[in-house]
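Coordinate inspection notes
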Amino acid sequence: MSTYEGSFRVWRGDTGGGELTDFTVAVNDGEVVLDVIHRLQATQAPDLAVRWNCKAGKCGSCSAEINGRPRLLCMTRMSVFDPAEVITVTPLRAFPVVRDLVTDVSFNYTKAREVPAFVPPKGVAPGEYRMAQIDVERSQEFRKCIECFLCQDTCHVVRDHEENKAAFAGPRFLMRVAELDMHPLDAAGDEGLDRKRTAQDEHGLGYCNITKCCTEVCPEHIKITDNALIPLKERAVDRKYDPLVWLGSRIRRR
Ligand code: SF4
Ligand code: F3S
Ligand code: FES
């Protein structure tokens, strides 16, 4: 096994402020960044705060920024970096710091609660639901989400714009609205809930200008923009903005 001494800059601090601190830590073959952070805790910084759980890319806990890019610490292999490179590890920028690499992601839980749940169809018992396979597959893609919130962290609408947070649910939860709106059994419409309208009016769909940064960082490779946000935008466009409808009305006026 080969080992080298890697150079790291890790953000240390709390709600009152902080700074990048330099460390030299041993790196072994086959390790991920989280292994190095754990070695740093074990050998030099026992009070370093970092959130993690599964170390398998499935719990979504270890989200942070590595060289400024939102990533899972447990799924970022050290082998992707040059051994001579200084690797900077910082907390998610879009959320308030609790301590060191741990941020307060409660913004996301607030946004989750704002999306009304699936409304079961009347007269059909659970177990009797029937859906076309294509609809099942569409939902399954979105259901791979591990709620790491890397997409929420990277989206420019809120990344440096705290003022937009109240009006914008972010890609993860707009994807949830899209999933429910495309669900063939969701009966929200029967109860007067128009998910397309609320996507625009309450969850800030219009703020998204399809930069696709969310899709680029998703560790589950969910095509958030192409398969959820763009289709939701298309579905939400009011008929009065449809150029064919507009042309038709002009012709009829003559
Ligand atoms: Fe993470 Fe992808 Fe889910 Fe966003 S959609 S929270 S990036 S898994
Ligand atoms: Fe943001 Fe993704 Fe739209 S990064 S702007 S939600 S495409
Ligand atoms: Fe669970 Fe990284 S520790 S995703």
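Here is what the cut-offs are and how they apply
Residues numbered from 1 in each chain as written. Chains lettered and ligands numbered in written order. Predicted model: local features only at pLDDT ≥ 70, side-chain atom pairs only at ≥ 80, totals over all residues. Helix = DSSP H or I, 4+ residues; strand = E, 2+ residues; numbered from the N terminus. Buried ≥ 20, exposed ≤ 12 C-beta atoms within 10 Å, placed from the backbone. Contact = placed C-beta atoms within 7 Å. Domains from an automatic or database assignment. Nonpolar A, V, L, I, M, F, W, Y, C, P; charged D, E, K, R; others polar. Near = placed C-beta within 6 Å. pLDDT = per-residue confidence, 0-100. Pairing = 2+ DSSP bridges. Arc of directions from axis to C-beta. Core = buried A, V, L, I, M, F, W, Y, C linked by C-beta atoms within 7 Å.

We now examine the overall build of the chain. A count of helical and extended segments in the chain gives 10 helices and seven strands. Burial status across the chain gives 32% buried among its 254 residues. Counting only contacts in the chain whose residues sit at least 6 apart along the sequence, the fraction spanning at least 24 positions is 63%.

Take the domain arrangement of the chain next. How big an interface is tends to be stated in terms of accessible area lost as the parts join. If you check the domain split of the chain, you get domain 1 (3-102) and domain 2 (105-253). Averaged C-alpha coordinates put domain 1 and domain 2 at centres separated by 32 Å. Contacts between the two partners involve 12 residues from domain 1, matched on the other side by 14 residues from domain 2. Considering only residue class, the side of domain 1 that touches domain 2 consists of seven nonpolar, three polar and two charged.

Moving on, we get to the site of ligand 2. Cys-155, Val-157, Pro-171, Cys-208, Asn-209, Ile-210, Thr-211, Lys-212, Cys-213, Cys-214, Thr-225 and Leu-229 make up every residue found near ligand 2. Mapped by element, the contributors of at least two residues to the shell around ligand 2 are helix H8 (213-217) and helix H9 (224-236). Of the residues that constitute the shell around ligand 2, the class distribution is eight nonpolar, three polar and one charged.

Chain-level pLDDT for the chain is 94 on average; 93% of the residues reach the 70-or-more range. This prediction of the complex comes with two scores: 0.92 for pTM and 0.99 for ipTM.

Turning our eyes to something else, we now look at the site of ligand 1. Taken together, 14 residues lie around ligand 1, and Cys-145, Cys-148, Leu-150, Cys-151 and Cys-218 are the ones closest in. Residues of the shell around ligand 1, tallied by class, amount to 11 nonpolar, no polar and three charged.

This paragraph deals with the environment of Glu-114. Among the structural elements, Glu-114 can be located in the loop between helix H2 (106-113) and helix H3 (133-143). Counting along the chain gives 56 residues from Glu-114 to Gly-170, while the straight-line C-alpha distance between them is 12 Å.

A few words now on the pairing of strand E5 (residues 86-90). Where burial is concerned, the two faces of E5 differ: the one with Ile-87 and Val-89 is buried and the one with Val-86, Thr-88 and Thr-90 is not. Direction of pairing for strand E1 (residues 3-14) relative to E5: parallel, over a ladder of four bridges. The residue of E5 that forms the bridge with Ser-7 is Val-86. The pairing of strand E3 (residues 63-66) with E5 spans two bridges and is antiparallel.

This brings us to the pairing of strand E2 (residues 17-28). Pairing analysis gives 12 bridges linking E1 to E2, with the strands arranged antiparallel. When the sheet's bridge partners are listed, Thr-3 is paired in E2 with Asn-28. The antiparallel hairpin formed by E1 and E2 contains two residues in its connecting segment.

Glancing now at helix H1 (residues 33-43). Buried within H1 are the following residues: Val-33, Val-36, Ile-37 and Leu-40. Seen end-on, H1 carries its buried residues on one side only, within an arc spanning 100°. Opposite the buried face of H1, at more than 90 degrees from it, the exposed residues are Ala-42 and Thr-43. Tucked inside the fold, the buried residues of H1 contact E1, E2, E3 and E5.

This brings us to the nonpolar core. Core analysis: the largest hydrophobic core is formed by 54 residues, its most contacted members being Leu-174 and Leu-232. Ranked by the residues each element gives to this core, the list is headed by helix H6 (residues 171-182), at six residues. Mapping this core onto the domain boundaries places at least three of its residues in each of domain 1 (3-102) and domain 2 (105-253). Not counting residues within four places of it along the chain, the set of residues in contact with Leu-174 comprises Ala-169, Ala-199, His-203, Leu-205, Cys-208, Ala-228, Leu-229 and Leu-232.

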